[in-house]
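# Descriptive analysis of the structure
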Amino acid sequence: MRVRGSLSQMWASTVLVGPALLLYLGFFVVPAVLGFAYSLTNWSGWKNAPTFIGLDNFVELFRDDRFIASIRFTLFETVILVVVFTGGALALAVLLDKVRKWKALIRGLFFYPYILSILVSGLLWQYMANSREGAVNKILRGMGLDSWAQNWMSDPAWAPWFITAMVVWSALGFFATIYLANLQTIPSELYEALGLESKSAIDVLRYIQIPMLRPSITLTSVMSVIFGINLFGQIMVTTMGAPGYRTFTVGYFIYWQGVQHDRQGYAAAASFVTFVVLLIVAALQTYLMRRKEVQL
Amino acid sequence: VKSRKRLYVPILEGLLLVIGLVVVSPAFLAFINAFKSLTEIRDNPLALPAKWSFENFGELFSKVGLSEPMLNSFLMCIAVIGSLVLTGSMAAYSLTRRKMTSGPVLKVLFLAGLIIPFQVVMVPLLQQFRTLNIQTSYLALWLHYVSWGLPLCIFIYSGFVGTVPKELEEAATIDGCGPLGLFWKIVFPLLKPCTITIVIFWGLWIWNDYTQALVIMGPAKGQLAFVQLGRVLQDQYVKNWNTIFAGVVTLSAPVTLLYLLMQQKFEKGLTAGSVK
């Protein structure tokens with residue numbers, strides 16, 4: 001067998017990995033690398049030939065109020081989403097884990113928004129928040145709270161919370177499901193070992209569930225950071241950054257400059273900044289995972 | 001202790017059921033309003049329709065023309081899933097099981113793709129499609145979906161390839177099975193649960209996609225289901241919520257029905273990318 005040679009083995013490996021590698025290199029790695037090159041030019045994309053301008057794009061970025069606004073809003077969302085998707089989803093999962101009757105139904109209700117298209121959730125929430133005919137305002141008026149009724153989506157103070165509520169609505173069940181899968185791996189002996197007297201829900205949470213859920217906690221916290229940094233489609237289908245750049249995310253800024261305003265070099269610089277931030281998050285994740293493995 | 005427990009679990013169940021119903025209520029609202037006229041939606045958005053009428057759906061298919069985009073989306077799903085299963089499973093098998101000198105480097109390269117979001121490659125990718133003269137085409141979108149989906153696909157397959165017993169492969173090799181035959185005849189059938197996960201994950205993802213299809217195909221030639229629905233919205237100054245809701249219900253129906261039929265598989269499949 002070995003005589004049949006490493007050549008045919010090499011050929012087999014090439015056939016097996018080749019197609020995936022070619023597609024991935026050609027339409028993912030190459031554009032990603034080219035993007036970094038574009039970020040050092042003033043290229044529009046098609047109007048002019050790219051000219052090397054050094055780090056000018058980056059200097060301009062950090063003086064651009066709209067970019068600063070987009071960083072501020074992205075940070076705001078990321079912080080809230082990490083808290084809600086890590087802590088809130090854990091609490092929800094612990095509660096859902098106690099449910100015996102209608103188990104599949106109740107879990108299904110919470111998970112359902114996650115399988116809907118971004119466009120659908122955007123439309124549903126736009127309808128809910130609409131000033132004249134929206135359901136939220138109808139309910140408020142019905143309760144006699146006419147003065148509370150307003151267009152939630154275009155109000156500068158409410159718009160960021162509108163986006164937050166929509167994103168939480170669509171993905172909270174998903175994060176809770178990750179925890180639920182992990183909760184089911186906790187052996188029942190552990191619960192018994194805690195003893196009956198101290199078996200209050202808080203003790204169970206503190207001494208058994210939270211320590212055993214640590215892999216999921218690390219995972220969801222990292223995933224929700226990435227989720228927050230990547231917010232883009234959700235903005236595109238609802239506020240489009242309005243009112244007054246109040247709900248601009250970094251992702252939407254890239255799209256707005258690069259695709260809609262033909263400033264590819266500039267948009268590529270913003271992409272590069274995003275990439276560096278994500279790299280730091282990933283490095284932190286690797287570090288946290290490794291620390292966890294040592295402890296186990 | 002037990003009696004206290006018996007008391008609060010039903011209360012918790014009732015409470016969670018009510019909250020769960022509130023969670024799905026926006027979708028339910030869209031469903032009931034899809035069967036009402038525009039005036040009825042304005043006057044009475046929260047009530048059940050006085051008469052269940054399918055007029056909005058008729059208008060959706062005759063005026064908006066949703067049947068062809070739906071077919072296109074379906075075909076795109078099949079094309080992308082087929083390519084991902086084919087190339088992703090082979091690559092994952094090769095990278096985890098076969099001895100390759102470049103293996104570790106390639107693994108890191110593919111894994112790096114997991115954290116890079118669409119916005120980072122979006123701008124240069126559009127430029128590349130323009131250079132190749134395939135901008136705003138189905139080919140471009142297919143190329144993007146497959147190359148963008150491969151890292152996660154390989155990641156999910158890699159975790160599963162490890163569970164295939166090595167003895168099986170050795171036995172097949174002794175029987176004279178070549179390396180490619182070994183993969184397709186012995187290993188690939190065993191990866192079936194993983195393939196189901198990939199089909200659910202990417203089927204749902206591509207059917208539902210709006211953002212990436214819009215960016216790559218452009219609004220003028222948007223011929224996929226959700227892009228078409230999005231176009232209708234942008235054309236309207238006053239939103240015709242009755243048509244919109246009919247569109248929302250039509251396009252979410254296949255996904256919802258499949259979810260009702262295979263809830264467990266969906267939940268497992270969609271969280272698969274996150275389980276280490």
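Attention here is on the structure that accompanies the text.

About the thresholds
- Residues numbered from 1 in each chain as written.
- Chains lettered and ligands numbered in written order.
- Predicted model: local features only at pLDDT ≥ 70, side-chain atom pairs only at ≥ 80, totals over all residues.
- Heavy atoms only, no water.
- Helix = DSSP H or I, 4+ residues; strand = E, 2+ residues; numbered from the N terminus.
- Contact = heavy atoms within 4.5 Å.
- 1 Å grid on protein atoms, 1.4 Å probe; cavity = no way out; pocket = protein on both sides within 12 Å on 5 of 7 lines; lining within 4 Å.
- Points joined across faces, edges and corners; volume = space filled by probe spheres on them.
- Nonpolar A, V, L, I, M, F, W, Y, C, P; charged D, E, K, R; others polar.
- Buried area = accessible area lost by both parts, 1.4 Å probe.
- Salt bridge = Lys/Arg side-chain N within 4 Å of Asp/Glu carboxyl O.
- Polar contact = N/O pair within 3.5 Å; in protein donor to acceptor, adjacent residues only side chain to side chain.
- Patch = residues over 30% accessible without salt bridge, like charges linked within 9 Å, V, L, I, M, F, W, Y side chains within 5 Å.
- Areas by Shrake-Rupley, 256 points an atom, 1.4 Å probe, with all protein chains shown as cover.
- Buried < 20%, exposed > 50% of the residue type's maximum accessible area, 1.4 Å probe, protein only.

## Structural notes on the overall build of chain B
Across its full length, chain B holds 14 helices and zero strands. Along chain B, from the amino end to the carboxyl end, the secondary structure elements read α-α-α-α-α-α-α-α-α-α-α-α-α-α. Principal axes of the C-alpha set define a box for chain B whose edges measure 75 × 70 × 35 Å. The contacts of chain B with a sequence gap of at least 6 include a subset with a gap of at least 24, amounting to 70%.

## What about empty space enclosed by the protein?
One pass over the full model with this rule turns up one cavity of 30 Å³ or more. In this structure, the largest cavity occupies an estimated 30 Å³ of space. Lining the largest cavity, in full, are A32(A), G35(A), F36(A), A268(A), S271(A), F272(A), V120(B) and P124(B). Breaking the lining of the largest cavity down by element, the ones donating at least two residues are α1 (5–38) and α13 (264–295) of chain A together with α6 (118–131) of chain B. Looking at the lining of the largest cavity residue by residue, the classes come out as six nonpolar, two polar and no charged.

## A few points about the interface of chain A and chain B
Of the residues lining the interface, 92 residues belong to chain A; the matching set on chain B comes to 88 residues. In total, about 8000 Å² of surface goes out of reach between chain A and chain B, with carbon and sulfur atoms giving 77% of it. Taken together, the connections running from chain A to chain B amount to zero salt bridges. On the surface where chain A and chain B come into contact, there are 14 residue pairs in polar contact (both at pLDDT 80 or more). Taken together, the residues that form the side of chain A that touches chain B break down as 66 nonpolar, 17 polar and nine charged.

## Some points on a nonpolar patch on the surface
All names here are of chain B. On the surface, F28, F31, L48 and W52 cluster together into a nonpolar patch covering about 430 Å² of accessible area. With respect to the helices, strands and loops of the structure, W52 is situated in the loop between α2 (38–43) and α3 (55–64). Owing to a relative accessible area of 45%, W52 belongs among the partly exposed residues under this scheme.

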